[in-house]
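# Geometric and topological summary
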Amino acid sequence: MAEPFRLLFVCLGNICRSPAAEGVMRALVESEGLADRVTIRSAGTGGWHAGKLPDQRMRSAAQNRGYNLSSRARQVSENDLREHHLVLVMDQQNLRDVRSYDYESQFASKIRLFCEFCTDHQEREVPDPYYGGEQGFEDVLNLLEDGCRGVLCHIRSSLA
Ligand code: 4NP
């Protein structure tokens, strides 16, 4: 069988947005019977939370929608850019930070903003929910569920 499509989600801390994206995307890929054709990981541009489970508020909000978030935070590396086929970042700052690992601009076309794949939302970025209230986590999940459907369409076309 062809090698799997390797997808990476990146945010700042890797404890809210990108692990939630990983969980939403994994559930979608599994429900479509594509679990052995797509690998999904996440990372943060910062390393302060390395080794931690996702933020409890994000885990609870995700659990209420049936997503179990169990990844451990880690910092993104240059090697991640080499190894993954698509690197989806949550906001413009993430984009600048991830691009800073791409010293020779050889990976530019695979580093993209997650919201490019949303169809039901007009937002250009997935907002950082860390310092806000509970609704912020719901808003993040709504965006992620929308965009992940678009990401799945994109992956399907490249697996075909
Ligand atoms: P994330 O959210 O980038 O979606 O994981 C944040 C998590 C932690 C911090 C900021 C954003 N922090 O400042 O510690």
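This write-up is about the structure you can find in this document. (Residues numbered from 1 in each chain as written. Predicted model: local features only at pLDDT ≥ 70, side-chain atom pairs only at ≥ 80, totals over all residues. Heavy atoms only, no water.)

## Observations regarding the overall build of the chain
Secondary structure summary: the chain contains five helices and four strands in total. Helices and strands in the chain line up, N terminus first, as β-α-β-α-α-β-α-β-α. Rg of the C-alpha trace for the chain: 14 Å, near the compact-globule value of 15 Å for 160 residues, within the 12% margin. Considered along the principal axes of its C-alpha atoms, the chain spans approximately 40 × 35 × 30 Å. For the chain, the proportion of its 160 residues judged to be buried stands at 49%. Sequence separation of at least 24 residues holds for 76% of the intrachain contacts in the chain that already meet a minimum separation of 6. Charge centroids of the chain, computed over 19 positive and 23 negative side chains, lie 3 Å from each other. (Helix = DSSP H or I, 4+ residues; strand = E, 2+ residues; numbered from the N terminus. Rg over C-alpha atoms; globule rule 2.2 N^0.38 Å. Buried < 20%, exposed > 50% of the residue type's maximum accessible area, 1.4 Å probe, protein only. Contact = heavy atoms within 4.5 Å. Lys, Arg positive; Asp, Glu negative; His and termini not counted. Charge placed at Lys NZ, Arg CZ, Asp CG, Glu CD.)

## Let's talk about the side chain of S18
As for its placement among the helices and strands, S18 is situated in helix α1 (residues 17–31). Using a relative accessible area of 0% as the deciding quantity, one classes S18 as buried. A distance of 3.4 Å separates a polar side-chain atom of S18 from the backbone oxygen of A43. Sequence-distant contacts of S18, defined by excluding residues within four places in its chain, comprise F9, V10, C11, S42, A43 and M90. (Polar contact = N/O pair within 3.5 Å; in protein donor to acceptor, adjacent residues only side chain to side chain.)

## Quick notes on the pattern of salt bridges
Per the counting criterion, the structure on display carries eleven salt bridges. In this structure, R6 engages E3 in a salt bridge whose closest nitrogen and oxygen atoms are separated by 2.9 Å. Of the charged contacts, one joins E116 and R112 as a salt bridge, the two residues approaching to 2.7 Å between their closest N and O atoms. The class for R112 is partly exposed, based on a relative accessible area of 26%. Put simply, R65, E138 and E145 are held in one network by salt bridges that share partners. (Salt bridge = Lys/Arg side-chain N within 4 Å of Asp/Glu carboxyl O.)

## Details of the environment of C11
Note on placement: C11 falls in strand β1 (residues 5–11). Judged by its relative accessible area of 2%, C11 falls in the buried class. It is 7.4 Å that separates the C-alpha atoms of C11 and D91, two residues lying 80 residues apart in sequence. In this structure C11 touches R17, S18, P19, A43, G44, T45, M90 and N94, once residues within four positions along its chain are discounted.

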